[in-house]
Amino acid sequence: MKKIIITGIVVIAALAGIMYVLNKNKAVNEEQTAIVGQKNAAVAVRAEVADFKDVNAQYITNGTFAPNQEVKISAETPGLVSRVLVKEGSVVGAGQTLAIIKADQQNVGVSNAQAVYNNAKAEVTRFEGAYATGGVTKQQLDQVKLQLENAKNNLKSAQITAGDVVVKASFSGIVNKKNIEPGSYVNPGMELFEVVNVSTLKLKVNVDEKNIGFVKMGQSIKVESAVLADQTFEGRVSFIAPKADASLNFPVELEIKNNANKDLKAGMYGTAFFGSEQSANALVIPRSAFVGSVSSNQVFIVKEGKAVLTKVVSGRIFGENIEIISGITKGMQVITTGQINLLDGTAVEIIK
C-alpha cells in the first residue's frame, strides 16, 4: 500500500513538472510572437524630404498639330468621272476644278426644264394677247403666269444640279487624298478628295488648373517639334476652354504659321512653352507623394514612425516636382511609395 502511494506521488510530481515546462514554453512563444507581430506591423515605404529647389518656371505641355482648314469633298450628284485634274500632293487654289463628272443625265434634265420654260413663256404671250381682246379672264392669265414662274425656278434648279458635276476646291490647300480615277462611277455622298491647309496649323494642348490663370487670348507662346529640333515656331493662343475636363485640365488651342517649306505637318507632336525661362526657388515634393493624384492635395508624412495623412495646398507643376504652398514645411519626410497600404496612423519603416 505504501508503495502504491509513493508511486502516485511520483506520477503527480512528474505531471506537474511537465505542465510547468509547457506553460513556460507557451509564455516564451507568445512573447516571441508578439515581438514578430510588432515588427511586421510596420509597413515598408520609401520617402523623400521636402526641400527648396531651383526649378524651371515654365509650364511645358505637349499636343498634336492639326490643319487650320480641312475638308472632305463629296459627290453631290451621281455620274461617271470623265476627268481628274489633280493628284495627291497637288497644291490647289480656292475655286480650282479638281474633277469633272459626266453630266449626260443632268443635261437631259436641263433640256427638259428648258423646254417646259419656253412653252410656258409662249403660253403667257398668247394669253396676254387673248386677254387684251377679252378672250380669257384675268384669273386665267394669272394662272399661266404662275406656271411660267414655276418653270423658271425648275430650270434654275436643273442648271444648278448640272453645274455640281464640276468638283471644285473650297479653299487653297494641298490634296491629301484622292479617291477617284477617270472612269469611276460616283454616287451622292461618296468622298472624292480630302484637301487640307497647313500654311497655318493649330496645336491642341491641355493646361492644368494651376497654370490656366496665366494663359491669355492672343498670348505669344514658343512652340517646338521634336522632329524639327533645329527650328522654333511662334504660336498665339486662339482658344481657351471655359470648362475643364474630367482631369481638371483646360483645352487650349494655339495658332502657328508654318514656314515657307511647310515643314510642320498635321499629326506631328508639338511642345508649347508657357511663361519665361527664368528659374524659380520653390518648396517642392515629388509628384508620386500625392495620394491618388495631385488634385487630391493629400500626402502622407512620416512622424514618430507613423504615417500621418496631411492636407496640403499645391501650386505650380514643374515636371515631376510639385510646388507646395502650405501644409508641410522644409525637412518633412513625405512618403513616395507604398501609400496604397497605409491608413492615417499606420506604423511605417522607411527603406532605401
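Placed above this text is the structure.
Here the structure is a predicted model, which means the values were calculated and not measured.

Caption draft 1: The pairing of strand β18 (residues 313-318), seen in detail. Here β18 runs beside strand β19 (residues 321-326); their pairing, made up of 4 bridges, is antiparallel. By the bridge assignment, Val313 is partnered in β19 with Ser326.

Caption draft 2: Main features of the pattern of salt bridges. Under the counting rule described, the total for this entry stands at 8 salt bridges. The partner of Glu194 in a salt bridge is Lys72, with the nearest N and O atoms 2.6 Å apart. Taken as a pair, Glu194 in strand β10 (residues 191-208) and Lys72 in strand β3 (residues 59-74) lie far apart in primary sequence, 122 residues in all. Across the salt bridge formed by Asp142 and Lys138, the nearest N and O atoms sit 2.9 Å from each other. On the criterion of helical spacing, the pair formed by Asp142 and Lys138 is a turn pair, its members being 4 residues apart in helix α3 (residues 138-163). Take Asp142: its relative accessible area is 34%, and that puts it in the partly exposed class.

Caption draft 3: Local environment of the sheet that holds β19. Across the sheet, which stays open at both edges, the 4 strands sit in the order β2-β15-β19-β18 with antiparallel pairing between neighbours. Either end of the sheet is taken by a strand with one partner, and the two such strands are β2 (51-56) and β18. Shown here is a sheet whose adjacent strand axes are inclined to one another by a mean of 55°, direction ignored.

Caption draft 4: Representation of the sheet that holds strand β6 (residues 97-101) in the model. Across the sheet, 4 strands lie side by side as β7-β6-β4-β9; this open sheet has antiparallel pairing. If you trace the sheet from one side to the other, it starts and ends with β7 (166-168) and β9 (185-186), each paired once. Where β6 meets β7, 3 bridges bridge the pair, whose relative direction is antiparallel. Its bridge partner being in β7, Ile100 is matched across the sheet by Val166.

Reading the values: the criteria
- Residues numbered from 1 in each chain as written.
- Predicted model: local features only at pLDDT ≥ 70, side-chain atom pairs only at ≥ 80, totals over all residues.
- Heavy atoms only, no water.
- Pairing = 2+ DSSP bridges.
- Helix = DSSP H or I, 4+ residues; strand = E, 2+ residues; numbered from the N terminus.
- Salt bridge = Lys/Arg side-chain N within 4 Å of Asp/Glu carboxyl O.
- Buried < 20%, exposed > 50% of the residue type's maximum accessible area, 1.4 Å probe, protein only.
- Axes fitted to C-alpha atoms, helices over the stretch in contact; angles between N-to-C directions.

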